[in-house]
Amino acid sequence: FMSRLDGKVALITGGTTGIGLATAQLFAQEGARVAITGQNQERLDQASKTLGSEVLAILADTRSLTDLDTAFTQIKERWGKLDILFVN
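Residues numbered from 1 in each chain as written. Predicted model: local features only at pLDDT ≥ 70, side-chain atom pairs only at ≥ 80, totals over all residues. Heavy atoms only, no water.

Trainee: Hey, could you run me through the sheet that holds strand E4 (residues 84-86) in this one?
Mentor: Strands belonging to one sheet form pairs held by backbone hydrogen bonds; the direction of such a pair is parallel or antiparallel. Strand order in the open sheet made by the 4 strands is E3-E2-E1-E4, with parallel pairing throughout. On the outer flanks of this sheet lie strand E3 (56-59) and E4, each paired with one strand and no other. Strand-to-strand twist across the sheet, computed as the mean angle between neighbouring axes with direction ignored, equals 20°. Looking at chain direction, strand E2 (residues 33-38) and E3 are connected through 4 bridges and run parallel. Within E3, the position partnered with Gly38 by the bridge is Leu59. The strands touched by helix H1 (residues 18-29) within the sheet are strand E1 (9-12), E2 and E4, with E1 carrying the most contacts at an inclination of about 170°. (Pairing = 2+ DSSP bridges. Helix = DSSP H or I, 4+ residues; strand = E, 2+ residues; numbered from the N terminus. Axes fitted to C-alpha atoms, helices over the stretch in contact; angles between N-to-C directions. Contact = heavy atoms within 4.5 Å.)

Here it is in structure tokens:
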């Protein structure tokens, strides 16, 4: 039995609370490898606990091209690709 997102890599910006966190949970349940960004380390840590050890939590401000480059580099190093970008 395969879930809809098996083998996919998803980045969810603003994935620490609300819609972003709920989306990250759903994507993970559907088989995706999930990376989230957030601007607050405490909320990132809490979201990581909620989502489990497989999540990649990245401290980043998506308005910063430098932060985005860093996020994409971390995703590439961990999973080698990015399939889904959910801009929250």
